[in-house]
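Coordinate inspection notes
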Amino acid sequence: ASPREVLREFHRRTLEGYPYCYNEGCEALGHLKDFKVCPQCKTSRYCGAACQKEDWNTGGHKATCGTPFGHRRNAPVVGAGRVF
């Protein structure tokens, strides 16, 4: 992707939000600060308790919680306030 395309995508995500919820199929958009972190592994994020519970019971998070890079979803890597 060209630098211009990357900048456009970053701008779009800044305005509209991004689907940070780790529950497969959830399409909730929001900003990173709006999504709650799994209290155990501190890596998976969810838009709410219902999505967290569903991912725990049927989505596979129960089996991967606590393992390094354990969650299978291609979620954005977040660090130093930037999304890569």
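My aim in this report is to walk through the structure given alongside it, one point at a time. (Residues numbered from 1 in each chain as written. Predicted model: local features only at pLDDT ≥ 70, side-chain atom pairs only at ≥ 80, totals over all residues. Heavy atoms only, no water.)

Right, let's talk about the nonpolar core for a bit. Judged by nonpolar contacts, Tyr-18, Tyr-20, Cys-21, Tyr-22, Cys-26, Phe-35, Cys-38, Cys-41, Tyr-46, Cys-51 and Cys-65 together constitute the single largest core of 11 residues. If near-sequence neighbours (up to four positions away) are discounted, Cys-65 is found in contact with Cys-38, Gln-40, Cys-41 and Trp-56. (Core = buried A, V, L, I, M, F, W, Y, C linked by side-chain atoms within 4.5 Å. Buried < 20%, exposed > 50% of the residue type's maximum accessible area, 1.4 Å probe, protein only. Contact = heavy atoms within 4.5 Å.)

Turning to the packing of aromatic side chains, a few remarks are in order. By the definition in use, this model includes 3 aromatic pairs. Ring plane angle 65° and centroid distance 5.8 Å describe the contact between Tyr-20 and Phe-35, whose orientation is recorded as edge-to-face. Separated by 15 residues along the polypeptide, Tyr-20 in the loop between helix H1 (3–16) and strand S1 (36–37) and Phe-35 in the loop between H1 and S1 bring together distant segments of the chain. Judged on exposure class, the residue Tyr-20 and its partner Phe-35 are both buried. Taken together, Tyr-18, Tyr-20 and Phe-35 form an aromatic cluster joined through their ring pairs. (Phe/Tyr/Trp six-rings, centres within 6.5 Å; stacked < 30°, edge-to-face > 60°. Helix = DSSP H or I, 4+ residues; strand = E, 2+ residues; numbered from the N terminus.)

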